[in-house]
Amino acid sequence: MTSSASPAPTPRPVLNRRLAEFGTTIFAEMSALAVRTGSINLGQGFPDTDGPEEIREAAVRALRDGRGNQYPPGPGVPELRTAIAAHQERRYGLTYDPDTEVLVTAGATEAIAAALLALLEPGDEVIALEPYYDSYAACIAMAGGTRVPVTLRPYEGARDGVAYRHFRLDLDELRDAVTDRTRLLLINTPHNPTGTVLTREELTAIAELAVERDLLVVTDEVYEHLVFDDAGHLPLATFPGMRERTVTIGSAGKTFSFTGWKVGWVTAPRELVSAVRSAKQFLTYVASGPFQYAVAEALHLPDSYFADFRADMLAKRDLLASGLERAGFKVFRPAGTYFITTDIRPLGESDGFAFCRSLPERCGVVAIPNAVFYDHREQGAPFVRFAFCKRTGVLEEAASRLKTLAA
């Protein structure tokens, strides 16, 4: 009698299969490439100067006074929650109870993760505007949800007799994407990476759809103070029927140029904040103690700070956009954020990945291929994103280096 050994089991992958499609982020890859080649890094969206000196000193004071050096309260320090609520009311007429309707998070990325983990069940569908910030896809996957991209498409028209390029939402495509399994809309305006700012008409249609289909909405508004037209930012929660179903996410890093402090927040009705906090408490629990006190002071800065911040970024946008146009790119001047999306096809290129990986050697500049923000990679293949939240001299040097492409 012979015996045969059982076949060895197939080794199980180490990484959770929900995250198998996500490798090292493109930001880590391209930033490492910038360091290795000594290139100007216009890829990752972080400023190369600190924010207001008085806010940095406020953090130092908090450290020295022993405020926040131990675990802060789970929802965030009262001073910051009160300042966030006051900011929302003063700017937008939105009233939130700082004790029950405001939650401080470890940056906006944790706010997104906690919201999706809290509000989704396995199999729920989430509609996200494509291209999307890369953490959206990973967070939906970790929550067991199914992402349904609705693509913002390039559009060329005229405004006041001047050629105008931007990315536009197809509202019919958005409506058609909603099914009986749709749980949530994940909206980002001002939009990263395209720089699109959704119009009042578009936001009205989104609000009407959410109310009609009884959908929750998570809205990422971290670039709220970087809207470059006179209309300013329009929070989705201000639209009829939306306050009670919207989780609004904000960030100190983008507004005050202290991205390393990782202070973000959620404002929403009590039951939604309670749900998000239930997930958040098992992520970081709490974070950024002394910095929370400093951000509370930052939110009380005079209107002139926010106006000057916007004007400075607008000037930098125009400086880099003009340089990119001279280099031969087709440029989509953003209506908001501090990113410019470009089309590389006028340069005889069509593969954004290959272009960005060769650009440091060719010009000494690093950018990001937009295709990483798409499920439909072919839709994003010819587009490349540049960040302009850098010193003026750095942007001038980058533009000078890039103009060699025009040759």
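Residues numbered from 1 in each chain as written. Predicted model: local features only at pLDDT ≥ 70, side-chain atom pairs only at ≥ 80, totals over all residues. Heavy atoms only, no water.

### Points about the pairing of strand β3 (residues 125–130)
A regular strand places its side chains on the two faces of the sheet in alternate fashion.
Consideration 1: Counting buried positions along β3 yields six of six residues, so the element is predominantly enclosed.
Consideration 2: Residues Glu125, Ile127 and Leu129 of β3 are buried on one face, and the alternating residues Val126, Ala128 and Glu130, pointing to the opposite face, are buried as well.
Consideration 3: Here six bridges tie β3 to strand β4 (residues 146–151), and the two strands are oriented parallel to one another. Each residue of the ladder has a partner; that of leucine 129, found in β4, is valine 150.
Consideration 4: Crossover handedness for the path β3 to helix α5 (residues 134–142) to β4: right-handed.
Consideration 5: Relative to strand β7 (residues 182–188), β3 runs parallel, the two sharing four bridges. Across the sheet, alanine 128 pairs through a bridge with leucine 186, a residue of β7. (Buried < 20%, exposed > 50% of the residue type's maximum accessible area, 1.4 Å probe, protein only. Helix = DSSP H or I, 4+ residues; strand = E, 2+ residues; numbered from the N terminus. Pairing = 2+ DSSP bridges. Right-handed = clockwise from strand over helix to strand, strands pointing away.)

### Regarding the sheet that holds strand β11 (residues 330–332)
Consideration 1: With antiparallel pairing, the four strands of this open sheet are ordered in space as β11-β12-β15-β14. The sheet is open, and its two borders are formed by β11 and β14 (368–369), each paired with just one other strand.
Consideration 2: In this sheet, strand β12 (residues 339–343) lies alongside β11 in antiparallel orientation, the contact comprising three bridges. By the bridge assignment, phenylalanine 332 is partnered in β12 with threonine 341.
Consideration 3: Across the face of the sheet, helix α11 (residues 303–327) comes into contact with β11, β12 and β15 (383–387) while running at roughly 15° to β12. (Contact = heavy atoms within 4.5 Å. Axes fitted to C-alpha atoms, helices over the stretch in contact; angles between N-to-C directions.)

None of the figures reported here should be taken as evidence of function without further support.
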